[in-house]
Amino acid sequence: MTGIMQGKRGLVMGVANNHSIAWGISKALAAQGAELAFTYQGDALGKRVKPLAAEVSSDFVLPCDVEDIASVDAVVDAISERWGKLDFIVHAIGFSDKNELKGLYADTTRENFSRTMVISCFSFTEIAKRCAPLMEDGGAMLTLTYNGSTRVIPNYNVMGVAKAALEASVRYLAADYGPRGIRVNAISAGPIRTLAGAGISDARAILSWNQRNAPLRKTVTIDQVGSSALYLLSDLSSGVTGEIHFVDAGFNVTSMPTLETLRK
Ligand code: NAD
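Residues numbered from 1 in each chain as written. Predicted model: local features only at pLDDT ≥ 70, side-chain atom pairs only at ≥ 80, totals over all residues. Heavy atoms only, no water.

Visitor: Would you mind going over the side chain of K163 in detail, with residue names and values included?
Guide: You can see K163 is positioned in helix α5 (residues 157–177). An unpaired buried charge is present at K163: no salt bridge exists, and E167, the closest side chain of opposite charge, is 7.8 Å distant. Setting aside anything within four residues of it in sequence, one finds K163 in contact with L144, T145, Y146, S149 and Y156. (Helix = DSSP H or I, 4+ residues; strand = E, 2+ residues; numbered from the N terminus. Buried < 20%, exposed > 50% of the residue type's maximum accessible area, 1.4 Å probe, protein only. Lys, Arg positive; Asp, Glu negative; His and termini not counted. Salt bridge = Lys/Arg side-chain N within 4 Å of Asp/Glu carboxyl O. Contact = heavy atoms within 4.5 Å.)

Visitor: Before we move on, could you go through the sheet that holds strand β1 (residues 9–13) and cite the residues and values that matter?
Guide: The seven strands lie next to each other as β3-β2-β1-β4-β5-β6-β7, forming an open sheet whose pairing is parallel. For this open sheet the edge positions go to β3 (61–63) and β7 (244–247), each flanked by a neighbour on one side alone. Taken pair by pair, the neighbouring strands of this sheet meet at an average axis angle of 20°, ignoring direction. As defined by bridge partners, β1 adjoins strand β2 (residues 35–40) across five bridges and the pair is classed as parallel. For V12, the partnering residue across the bridge sits in β2 and is F38. Most of the contacts of helix α3 (residues 69–82) go to β3, to which it runs at about 155°, and overall it touches β1, β2 and β3. (Pairing = 2+ DSSP bridges. Axes fitted to C-alpha atoms, helices over the stretch in contact; angles between N-to-C directions.)

Visitor: Tell me about the packing of aromatic side chains, and name the residues and values.
Guide: On inspection of all chains with the given rule, the structure shows two aromatic pairs. Note on F60 and W83: the rings are 5.1 Å apart at their centroids and 85° apart in plane angle, and the pair reads as edge-to-face. Remark: W83 occurs in the loop between α3 and β4 (88–91) and F60 occurs in the loop between α2 (43–55) and β3; sequence separation between them is 23 residues. We classify F60 as buried; its relative accessible area is 5%. (Phe/Tyr/Trp six-rings, centres within 6.5 Å; stacked < 30°, edge-to-face > 60°.)

Visitor: Please give an account of helix α4 (residues 110–131) that cites residues and values.
Guide: Compared with an ideal rise of 1.5 Å per residue, which puts 22 residues at 32 Å, α4 spans 30 Å between its outermost C-alpha atoms and is within 8% of the ideal. A bend of about 50° at F122 is the largest found in α4. In this structure, the buried residues of α4 make contact with β1, α3, β4, β5 (139–145), α5 and β6 (182–189). (Expected span 1.5 Å × (residues − 1). Bend = angle between axes of the 7 residues up to and from the residue.)

Visitor: Got a sec to walk through the environment of L36? Specific residues and values, please.
Guide: Position of L36 relative to the elements: it lies in strand β2. On the accessibility criterion, L36 (3% relative accessible area) is buried. Taking C-alpha positions, L36 is 31 Å from K98, a pair spaced 62 residues apart along the chain. Residue contacts for L36: discarding those within four places in its chain leaves G10, V12, S26, L29, A30, V56, S58, F60, W83 and F88.

Visitor: Could you give me a rundown of the site of the ligand, with the residues and numbers involved?
Guide: Taken together, the neighbourhood of the ligand is formed by 26 residues, with S20, I21, Q41, I192 and T194 sitting nearest. Between the ligand and Q41 there is a distance of 2.8 Å, counted from an oxygen atom to a side-chain nitrogen or oxygen. Interatomic distance of 2.6 Å between a side-chain N/O atom of T194 and an oxygen atom of the ligand. In the complex, 93% of the free accessible area of the ligand, which totals 810 Å², lies under the protein chains. Counting only elements with at least two residues in the shell around the ligand, the list comes to β5 and α6 (195–198). Taken together, the residues that form the shell around the ligand break down as 17 nonpolar, seven polar and two charged. (Near = heavy atom within 4 Å. Polar contact = N/O pair within 3.5 Å; in protein donor to acceptor, adjacent residues only side chain to side chain. Areas by Shrake-Rupley, 256 points an atom, 1.4 Å probe, with all protein chains shown as cover. Nonpolar A, V, L, I, M, F, W, Y, C, P; charged D, E, K, R; others polar.)

Everything listed is a geometric property; what it means functionally is a separate question.
Encoded structure:
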């Protein structure tokens, strides 16, 4: 197969099923010739991820829970042993206790605040630090964020705070690794129906609001996020780093509902 990712090898973290944003990204990368390794969190998800990996001709599928740093190290060791180098990573991991993805942000507990930050934000830094030495010829790192980082979205609460820190991490990591030719970017995706998305209270109402009020009058798909990720992970974006790239049908540029919505 030929394509713009031909000869490139990358690690995709965060496929849970065929609705996952990471799966949309994987399909776009594989269609352009990328060779992929996958991680999964726990045996139940492993059973779903292995057949998906096979669909894109990958048998390189490893368990990894980012709360257990030894499992992250084991993934990096396995890549080092099998491939010796890495061209890109996709970090599409997020978690918060769904009981705190509703109600007041102010009610967030210390325990869930820390856990959300470690899984949804700090894991990207830990993975980047471990993968950078495998990117001797340069590389690209990508994470997923959401508009709730800079705007108040009902119920997004502590995830919004974690995403703000994640976006700041993108900028600091871009500065750290830029001199080595490693680019670090994020896609800020509009709301999509996924396992993680379903954990946010009133997700359906938020999707509908975006669909009615985004300039393109629709919500985005995992395939649309995938093709934008392809750009950010390929040499097409060789001059881009530290960027938060919105793939949200333009919702982030609006400051009020459409007149059609208001008149209803
Ligand atoms: P998803 O449920 O398909 O993916 C979330 C992934 O995070 C799962 O694969 C899960 O296993 C993984 N994960 C959670 N805790 C983990 C841990 N401790 N160790 C390892 N992996 C862990 O949902 P998704 O919507 O595809 O989410 C992917 C990313 O996109 C997340 O960062 C999410 O915040 C972000 N995002 C989602 C939306 C949306 O509306 N769905 C919008 C913008 C950004």
